[in-house]
Amino acid sequence: MYTHEIRQRFIDHYVKAGHTLVPSAPLVLDDPTLLFVNAGMVPFKPYFLGQQAAPFATATSIQKCVRTLDIDEVGITTRHNTFFQMAGNFSFGAYFKEGAITHAWTLLTSPVNEGGYGFDPDLLWATVYQDDDEAFAIWRDVVGLREDHIQRRGMKDNFWSMGVPGPCGPSSEIFFDRGPAYGKEGGPVVDEDRYIEIWNLVFMEKERGEGVGKDGYKVVGALPQKNIDTGMGIERVAFILQGVENVYETDLLRPTITTAERLTGTAYSDAPEDHQNAVYFRVIADHSRTAVMLIADGVIPGNEGRGYILRRLIRRIIRSARLLGATGTVMQELTATVCDSMAPSFPELVAQRDHIQKVCTTEEKAFLRTLDAGTKLFAAAARELKTTGQTVVPGDVAFTLHDTHGFPIDLTREMAAEQGLTVDDDAFQQRMQEQKQRAKADSQAKKHAHADLGVYRDFIDNQPTVFTGYESLTADTQILGIIVDGNEAAEASVGSAVEVILDESPFYAESGGQCADRGTITTTTGQVAITDVQKVGKKVWLHRGTISAGTVAPGPAQAQVDGTYRRHAAQAHTATHLVHAALRTVLGDQAVQAGSLSKPGYLRFDFNWTDPLSTVELTEIETRVNMAIDQDLPVTTEIMNLDDAKASGAVALFGENYGDEVRVVTIGGGEERVFSKELCGGTHVSSTAQIGLVRFIGESSVGSGIRRVEAYVGLRALDAAKSDQRIVSELATRFKVKPGDIVERVSGLQESVKNLEKELAELRMAAVLQAAANYVNDAHDINGIKVVALAGPAGADGGQLRTLACDIRGRFAETPAVVALFTAEGDKLPFVVAVNQAAIERGVKAGDIVKAAAPAIGGRGGGKPDLAQGSGTDARGLEAACAAVDAAVSSVDA
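Rules and cut-offs
- Residues numbered from 1 in each chain as written.
- Predicted model: local features only at pLDDT ≥ 70, side-chain atom pairs only at ≥ 80, totals over all residues.
- Heavy atoms only, no water.
- Helix = DSSP H or I, 4+ residues; strand = E, 2+ residues; numbered from the N terminus.
- Contact = heavy atoms within 4.5 Å.
- Areas by Shrake-Rupley, 256 points an atom, 1.4 Å probe, with all protein chains shown as cover.
- Lys, Arg positive; Asp, Glu negative; His and termini not counted.
- Charge placed at Lys NZ, Arg CZ, Asp CG, Glu CD.
- Axes fitted to C-alpha atoms, helices over the stretch in contact; angles between N-to-C directions.
- Left-handed = near helix turned anticlockwise from the far one by under 90°.
- Pairing = 2+ DSSP bridges.
- Salt bridge = Lys/Arg side-chain N within 4 Å of Asp/Glu carboxyl O.
- Core = buried A, V, L, I, M, F, W, Y, C linked by side-chain atoms within 4.5 Å.
- Buried < 20%, exposed > 50% of the residue type's maximum accessible area, 1.4 Å probe, protein only.
- Expected span 1.5 Å × (residues − 1).
- Arc of directions from axis to C-beta.
- Right-handed = clockwise from strand over helix to strand, strands pointing away.
- Phe/Tyr/Trp six-rings, centres within 6.5 Å; stacked < 30°, edge-to-face > 60°.
- Lys NZ or Arg CZ within 6 Å of the ring centre and 35° of its normal.
- Parallel < 35°, antiparallel > 145°, perpendicular 65-115°, else oblique.
- Disulfide = S-S within 2.5 Å.
- Patch = residues over 30% accessible without salt bridge, like charges linked within 9 Å, V, L, I, M, F, W, Y side chains within 5 Å.
- pLDDT = per-residue confidence, 0-100.

Trainee: How would you sum up the overall build of the protein chain? Please name residues and give values.
Mentor: The helix and strand inventory of the protein chain stands at 25 helices and 34 strands. Referenced to the eigenvectors of the C-alpha coordinate spread, the extents of the protein chain come out at roughly 110 × 75 × 55 Å. For the protein chain, restricting intrachain contacts to residue pairs at least 6 apart in sequence, the fraction spanning at least 24 positions comes to 68%. Of the roughly 40400 Å² of accessible surface on the protein chain, a fraction of 49% belongs to carbon and sulfur atoms. One way to put it: in the protein chain the 87 positive side-chain charges average out to a point 4 Å from where the 117 negative ones average out.

Trainee: Tell me about the packing of helix α1 (residues 3-16) against helix α6 (residues 234-241), and please be specific about residues and values.
Mentor: At their nearest, the axes of α1 and α6 sit 10 Å apart, and the two run at 120° to each other. The hand of the α1/α6 crossing is right-handed. Mapping the contact onto sequence places Thr 3, Ile 6 and Arg 7 in α1 and Ile 234, Val 237, Ala 238 and Leu 241 in α6.

Trainee: Explain the sheet that holds strand β31 (residues 817-822) to me, using residue names and the numbers behind them.
Mentor: Read across the sheet, 6 strands follow the order β29-β30-β31-β32-β34-β33 without closing on themselves; strand pairing throughout is mixed. Of all the strands in the sheet, just β29 (780-782) and β33 (860-863) have a single pairing partner and so form its edges. Pairs of neighbouring strands in the sheet enclose a mean axial angle of 20°, with direction left out of account. The pairing of β33 with strand β34 (residues 867-872) spans 4 bridges and is classified as antiparallel.

Trainee: Lay out the pattern of salt bridges with the relevant residues and their values.
Mentor: A complete count under the given rule lists 34 salt bridges for this structure. Residues Arg 707 and Glu 699 are paired through a salt bridge, measuring 2.8 Å at the closest nitrogen-oxygen approach. A single salt-bridge network, built from bridges that share partners, covers Lys 97, Asp 132, Glu 134, Glu 205 and Lys 226.

Trainee: Explain the nonpolar core to me, using residue names and the numbers behind them.
Mentor: With 107 residues, the main nonpolar core has Trp 139, Ile 198 and Trp 199 as its most contacted residues. Setting aside its immediate chain neighbours within four residues, Trp 199 contacts Phe 10, Tyr 14, Asn 89, Ala 104, Leu 107, Leu 108, Ser 172, Glu 173, Ile 174, Thr 230, Gly 231 and Met 232. Counting 33 residues, the second-largest nonpolar core is a separate cluster that includes Leu 587, Trp 609, Leu 618 and Val 635.

Trainee: How would you summarise helix α17 (residues 615-630) if you had to cite specific residues and measurements?
Mentor: Because an α-helix packs 3.6 residues into every turn, residues spaced three or four apart end up facing the same way. Here α17 is 16 residues long and its end C-alpha atoms lie 22 Å apart, about the 22 Å a rise of 1.5 Å per residue gives. Within α17 the residues assigned to the buried category are Leu 618, Ile 621, Val 625, Ala 628 and Ile 629. Projection of α17 onto a plane perpendicular to its axis shows the buried side chains occupying an angular sector of 110°, all on one side. For α17, the exposed residues lying more than 90 degrees away from the buried face are Thr 615, Val 616 and Asp 630. The first or second residue beyond α17 is Asp 632, which carries a positive phi of 50°.

Trainee: Talk me through the environment of Gln 750; I want residue IDs and the actual numbers.
Mentor: If you trace the backbone, Gln 750 turns up in helix α20 (residues 742-770). Through-space distance from the C-alpha of Gln 750 to that of Phe 119 is 80 Å; in sequence the pair is 631 residues apart.

Trainee: Explain the pairing of strand β30 (residues 785-791) to me, and be specific about the residues and the numbers.
Mentor: In this structure, β29 lies alongside β30, joined through 3 bridges in antiparallel fashion. Along β30, the bridge assignment pairs His 780 with Val 787. What sits between the antiparallel neighbours β29 and β30 is a turn of 2 residues, in which Asn 783 has the positive phi angle 55°. Following the chain from β30 across helix α22 (residues 798-810) to the adjacent parallel β31, one finds a crossover that is right-handed.

Trainee: For the packing of aromatic side chains, give the residues involved together with the corresponding values.
Mentor: Tallied over the entire structure, the rule returns 23 aromatic pairs. For the pair Phe 10 and Tyr 14, a centre-to-centre distance of 4.8 Å together with 45° between the ring planes defines the contact as tilted. One end of the pair is Phe 10 and the other is Tyr 14, both in helix α1 and 4 residues apart, which spans about a single turn. Judged by relative accessible area, Phe 10 falls into the buried class, the value being 0%. Since its relative accessible area comes to 0%, Tyr 14 is described here as buried. An angle of 70° between the planes, with centres 6.2 Å apart, marks the rings of Phe 467 and Tyr 508 as edge-to-face. Taken as a pair, Phe 467 in strand β12 (residues 466-467) and Tyr 508 in the loop between β17 (504-505) and β18 (519-522) lie far apart in primary sequence, 41 residues in all. Each member of the pair Phe 467 and Tyr 508 is classed as buried. An aromatic cluster is present here, built from Phe 44, Tyr 47, Phe 48, Phe 56, Phe 90 and Phe 92 joined pairwise through their rings. Above the face of the Trp 609 ring, Lys 358 is positioned so that its terminal group lies 4.5 Å from the ring centre. Lying across the ring of Tyr 470, Arg 663 places its NZ or CZ 3.7 Å from the centre.

Trainee: Residue-level account of the packing of helix α7 (residues 254-264) against helix α10 (residues 331-342), with values.
Mentor: Interaxial distance between α7 and α10 falls to 9 Å at its minimum, and their mutual angle equals 160°. Viewed along their axes, α7 and α10 adopt a mutual orientation that is roughly antiparallel. The interaxial crossing formed by α7 with α10 has right-handed handedness. Seen from α7, the contacting residues are Pro 255, Thr 256, Thr 259, Ala 260, Arg 262 and Leu 263; seen from α10, they are Glu 333, Leu 334, Thr 337, Val 338 and Ser 341.

Trainee: Requested: an account of unusual backbone geometry, with residues and values cited.
Mentor: Positive phi outside glycine occurs at Asp 632, with the angle close to 50°. Note on placement: Asp 632 falls in the loop between α17 and β24 (635-641). On the basis of relative accessible area, Asp 632 is assigned to the partly exposed category, the value being 39%.

Trainee: Can you explain helix α25 (residues 878-890)? Please cite residues and give values.
Mentor: Helix length check: α25 (13 residues) gives 19 Å between terminal C-alpha atoms against 18 Å at 1.5 Å per residue, within 8%. Considered for burial, the residues of α25 that qualify are Leu 878, Ala 881, Cys 882, Ala 884, Val 885, Ala 888 and Val 889. Within α25, the buried residues cover an arc of 155° as seen down the axis, which keeps them to one side. Buried residues in α25 make contact with β29, β30, β31 and α24 (846-853).

Trainee: Describe in detail the state of the cysteines, supporting the description with residues and values.
Mentor: Taken as a whole and assessed by the stated rule, the structure comprises 0 disulfides. With no disulfide partner, Cys 515 has as its closest neighbouring cysteine sulfur the one in Cys 680, 13 Å distant. We classify Cys 515 as buried; its relative accessible area is 12%. The cysteine Cys 806 is free of any disulfide, with Cys 882 supplying the nearest cysteine sulfur at 18 Å.

Trainee: So what about a negative patch on the surface? Which residues, and what values?
Mentor: Negative charge collects at one region of the surface, where Asp 643, Asp 644, Asp 660 and Glu 661 lie side by side. Its place among the elements puts Asp 643 in helix α18 (residues 642-647). Given the relative accessible area of 48%, Asp 643 is considered partly exposed.

Trainee: An account of the confidence of the model for the protein chain is needed here, citing residue identities and associated values.
Mentor: Low pLDDT marks regions whose predicted coordinates should not be analysed in detail. Mean pLDDT over the protein chain: 88, with 94% of residues reaching 70 or higher. Counting interchain partners and residues more than four positions distant, the pLDDT-below-50 stretch residues 445-452 has 14 contacts.

Trainee: Got a sec to walk through the environment of Glu 825? Specific residues and values, please.
Mentor: In this structure, Glu 825 sits in the loop between β31 and β32 (829-835). In the structure, Glu 825 is positioned 30 residues away from Gly 795 in sequence and 8.4 Å away in space, judged by C-alpha atoms.

Trainee: I'd like a description of the environment of Phe 407, backed by residues and values.
Mentor: Residue position: Phe 407 is located in the loop between α12 (395-403) and α13 (409-418). The exposure class assigned to Phe 407 is buried, which follows from its relative accessible area of 1%. Each C-alpha atom, one on Phe 407 and one on Gly 302, is 16 Å from the other, the two residues being 105 residues apart in sequence. Once residues within four sequence positions are removed from consideration, Phe 407 is found in contact with Thr 370, Leu 371, Gly 374, Thr 375, Leu 401, His 402, Thr 412 and Met 415.

Trainee: Talk me through the pairing of β32; I want residue IDs and the actual numbers.
Mentor: Side chains on a regular strand alternate between the two faces of the sheet. β32 sits mainly inside the fold: 7 of its 7 residues count as buried. Here β32 shows no split at all, with Leu 829, Phe 831, Val 833 and Val 835 on one side and Pro 830, Val 832 and Ala 834 on the other all buried. Relative to β32, β31 is paired through 5 bridges, and the arrangement is antiparallel. Bridge pairing links Val 819 to Ala 834 in β32. Hairpin connection, β31 to β32: the antiparallel pair is bridged by 6 residues, and Gly 826 has positive phi, about 120°. Bridge analysis of β32 against β34 gives 6 bridges, and the strand direction is antiparallel.

Printed below as a string of structure tokens:
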């Protein structure tokens, strides 16, 4: 049974049972506690936490998940994947233990021709929480599972929580017995390699308190409503139903291994003697799939956070392929195989295939250069070890190569062995563990963000803000609460910084890249100047500002948005939609939004793209935007069902968590074609002509695979155009040419300056070389070695010093000679040391002399035995530097 059929049977089973099908959320959500969605229940967290009311009584989904805590363990066992699909069904007070258990049992054991999976009931086992007699009885009496196939376990195994105070409850897990060939008899409590967990049913009925770990907390009470959260591992069910040994042999991962075999020239084998190679193949298969899915959801390789995880995955793929024998690039073909394998379940991969491959191949080329650099760094470390008679590469060195330069530890070990060295693995692992503990502590700290709502909790639960700002810029409203220094206050007086909570608000709260409104909140006794508005719990608007007059307390008030500020912000926001649409038209649909900011007079737009935009591309995008403005296209909004909105062609932005009903903003339509159609909750102008003008001011890189365009909008764009015109007029006057001839005139001047600089450099070099004979005459003898250690000609740069030093060195023919020339003045003081072959044979090395002399002038340097150079910052040490040259030569054995 193919994996996509396993998915479909799950969906069909629960939809037929009345569950609402909820599409998988993106792997990245706006959640400060998570890098990636790591469980099927994550999109439902607001309902379980009580932050929002569930819009359905029951639901089902197949959620994309990524877990990266144990990346280094992937491939060592056959049960771990970084990416996996979690099929789940959820109940919010509709049914409880019996419903969850019977639904799962029916799907697992029903015949294949009736829509089930056809599992043999005698091969299924269940575990329940140690004192959950109710679940035990349901398995035995309602389902009919053999009593000796039901086992009780403690909190670590069969009690679930989110890891922070909140909902929790006992769970029941379902296991499949693979048979005696895979381990000991006795059920899951004896051997979880033989008995594979395929489903976890969580009976969410309790509330946990503070504590750590899986059992280091207290259960403080019961929830007002009993919920169900279950998860079935698609990959694990697939390998069982497909009759293969592990998840890497299934229809989703084995094709990638086959491609890796062809690229590396090595055969995949699970044999014990070939275990390390098997690990490399599994890493390639697992990480290739995860990388593809992350890029498809908008993640781009980077140096921190999610981007760093993706970069690390890609580097592990490349490293593993190299260790298996690959000599060329591999990412192009590996990602193509993943897209082909996953497309039946994720058709969006077909459209994004080119983008995914471009991101991966760009990263691969960069990492191959890193491998080259790491190899050179290791070689230098190995030489230093050998000169001191050491045979062990310190753990700190290995960790620095791994952590700072991205150099894999496996390659470090392999190259060490080639040099007759070993690596201090214990020290390396200690540094790695210290890093992991720091990351874990940071993760734990982030988890407690759920408990920080504190003073806002009652408002979130009972008094959410009603936004009226689409229709009006004013509102007669009620102040529900005033927050001062994190605490609710009865009133606040002039000068106090406050957060004001209203029952109705015309103020737009910052979101979707659009800045918050500004304005005032006025009561009969005072006024608040509002400078920022933020959302908390996605339900309550926090109006932040300062009491500008009198005293303000809860009660009737009038809210007034600054109309000019709102209009200019709306101009920028609508212009951002135009830029997005124009980018996708010119570059293609792979130019996916990665972030934006719109505020009065200015916009910036970040998008996934690897190469700089050409002048032609940037001009075309800007022209398309302003043509849309000139056409005075209507800007309309419509509330639609999410599925209908997507079906209509509306663009859903990466990382946004949409509800069932969404606001669709359309630019164009009617007799004019639709220019842009996006899901958006922001404020906009009513027609594009109201924007006025968009003027691009820059295009740049803001990270690996992410480009940024910036533009002025409206009056600010007009001001920028006027400023540019003034500059053009001034240049035309100064150069006494027409404005259209300025470029040609400047180009001519640049060419003239270039020629003059070349002539000047040649004259200087000639003068420098004429001085060579004088320097030869100033040479002094140290142990039979001629030494020139002096200040070079005034004004000579590093290149000219190098040419002069080499010329002087050549004039000594067979006589051992050392020439050291220093710059005597300036902020940066280059210097050069040249040593001829005769001196080298006496044991003199230019690099050693540079290292000896550099400290005297506050500098450093290095180089080869015959030629080395450096620079300093303190000309006062010139005499001491020359003396250091003499001392270094004197120290050589005569």
